[in-house]
Amino acid sequence: QLDRAAEQFHAVLRLHPDAADRAAASLYLGLIAVRQQSPTEAVRRFNDVLAAVPGEPRAHFQLGLIAQHAADEKTAIQHYRAALAANARSAARNNLAWILATSPDLGLRDGAEAVRLAEEVRASLPDDRPDVLDTLAAAYAEAGDFAAAVGPYRQMFEMDPGNPMGRLFYVSVLIDNRRQAEVSE
């Protein structure tokens, strides 16, 4: 079915000179390319969208995802920030917070901003989600607030006690929190 949809969007590109129609078709072709695991084609399509509609938040968000998946966190941050500039409610907030809290490149980390973004995400959702709790806990830990990081990890563990990663992170934050308390005494 994706191939049929792609054919229809290609027809839009051929038959419609209107920039908005072409941008919409390119956006959907980019999404199809993502589903078909063709990141090069997806990047091309999302860049076509941005050429027609500069600042289009969905295109920036998707380019951020592709860059993050390719471990190009600097580019991902740029696209997530652009998505948020165009749409403050973008899902890019959680992804940006995650990178700012966990990047292997310490120069990209910013615990305070990660906490702010992660708290905004959590406040904007009706229910707690493991991915949001994980980001929030990582942000607190990066900011050095291990006591605050325990809460989201505890919630994750309670939501899915069989998840070994949740258990590992929960225990590691508890240990770091205890070490921090011992150093303070």
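**Some details on the environment of A101**
Mapped onto the elements, A101 comes out in helix α6 (residues 92-102). What makes A101 buried here is its relative accessible area of 4%. As a C-alpha pair, A101 and A137 span 36 residues in sequence and 9.2 Å in three-dimensional space. The residues contacting A101, other than those within four sequence positions of it, are R109, A114, A138, A139 and E142.

**What about the packing of aromatic side chains?**
Enumeration over the complete set of coordinates arrives at one aromatic pair. Here F61 and Y80 contribute two aromatic rings whose centre-to-centre distance is 6.0 Å and whose plane-to-plane angle is 40°, an arrangement assigned as tilted. Residue F61 is found in helix α4 (residues 57-69), and its partner Y80 is found in helix α5 (residues 73-86); the two are separated by 19 residues along the sequence. Judged by relative accessible area, F61 falls into the buried class, the value being 17%. Y80 sits in the buried class, given a relative accessible area of 0%.

**Here's the deal with the pattern of salt bridges**
Applying the stated criterion to the full structure yields twelve salt bridges. Note that R58 and E56 form a salt bridge whose closest N and O atoms lie 2.8 Å from each other. You can call R58 partly exposed: its relative accessible area is 49%. The exposure class of E56 is buried, given its relative accessible area of 9%. A cluster of three or more residues bridged by salt bridges with shared partners is formed by R81, R93, E113, R116 and E120.

**Some words on the side chain of R93**
You can see R93 is positioned in helix α6. Leave out the neighbours within four places in its chain, and R93 touches L84, A88, L117, E120, V121 and S124.

**As for the confidence of the model for the protein**
Summarising the model, the protein shows a mean pLDDT of 86, and 84% of its residues fall at 70 or more. Ranking the elements of the protein by mean pLDDT puts helix α10 (residues 164-184) last, at 63, and α5 first, at 97.

**Points about the packing of α5 against α6**
For the pair α5 and α6, interaxial distance at closest approach is 9 Å and the crossing angle is 145°. For the pair α5 and α6, the sense of crossing is left-handed. Packed against α5, whose contacting residues are E73, A76, I77, Y80, R81, A83 and L84, the element α6 presents A92, R93, N95, L96, I99 and L100 at the interface. Along the lines of polarity and charge, the residues of the contact of α5 with α6 split into nine nonpolar, one polar and three charged.

**Regarding the packing of α4 against α6**
Where α4 contacts α6, the two axes come as close as 11 Å, and the packing angle between them is 30°. Here α4 is positioned roughly parallel relative to α6, judged by the angle of their axes. Like other packed secondary-structure pairs, α4 and α6 cross with a definite hand, here left-handed. Of α6, the residues touching α4 (which contributes F61, L65 and Q68) are A92, N95, W98 and I99.

**What about helix α2 (residues 19-35)?**
Taking 1.5 Å as the rise per residue, α2 with 17 residues should run 24 Å; its terminal C-alpha atoms sit 24 Å apart, in good agreement. Turning to α2, its buried residues number three or more, namely A23, A25, S26, L27, L29, G30, I32 and A33. Just beyond α2, the residue with positive phi is Q37, at close to 55°.

**Regarding the nonpolar core**
I77, Y80, A92, L96, L100, L117 and A139 are the most contacted members of the largest nonpolar core, which has 27 residues in total. Elements that contribute at least two residues to this core include exactly α4, α5, α6, α7 (111-124), α8 (130-142) and α9 (146-159). In contact with L96, other than residues within four places in its own chain, are I77, Y80, R81, L84, E113 and L117. Counting nine residues, the second-largest nonpolar core is a separate cluster that includes A42, V49, A59 and L63.

Procedures and definitions
- Residues numbered from 1 in each chain as written.
- Predicted model: local features only at pLDDT ≥ 70, side-chain atom pairs only at ≥ 80, totals over all residues.
- Heavy atoms only, no water.
- Helix = DSSP H or I, 4+ residues; strand = E, 2+ residues; numbered from the N terminus.
- Buried < 20%, exposed > 50% of the residue type's maximum accessible area, 1.4 Å probe, protein only.
- Contact = heavy atoms within 4.5 Å.
- Phe/Tyr/Trp six-rings, centres within 6.5 Å; stacked < 30°, edge-to-face > 60°.
- Salt bridge = Lys/Arg side-chain N within 4 Å of Asp/Glu carboxyl O.
- pLDDT = per-residue confidence, 0-100.
- Axes fitted to C-alpha atoms, helices over the stretch in contact; angles between N-to-C directions.
- Left-handed = near helix turned anticlockwise from the far one by under 90°.
- Nonpolar A, V, L, I, M, F, W, Y, C, P; charged D, E, K, R; others polar.
- Parallel < 35°, antiparallel > 145°, perpendicular 65-115°, else oblique.
- Expected span 1.5 Å × (residues − 1).
- Core = buried A, V, L, I, M, F, W, Y, C linked by side-chain atoms within 4.5 Å.

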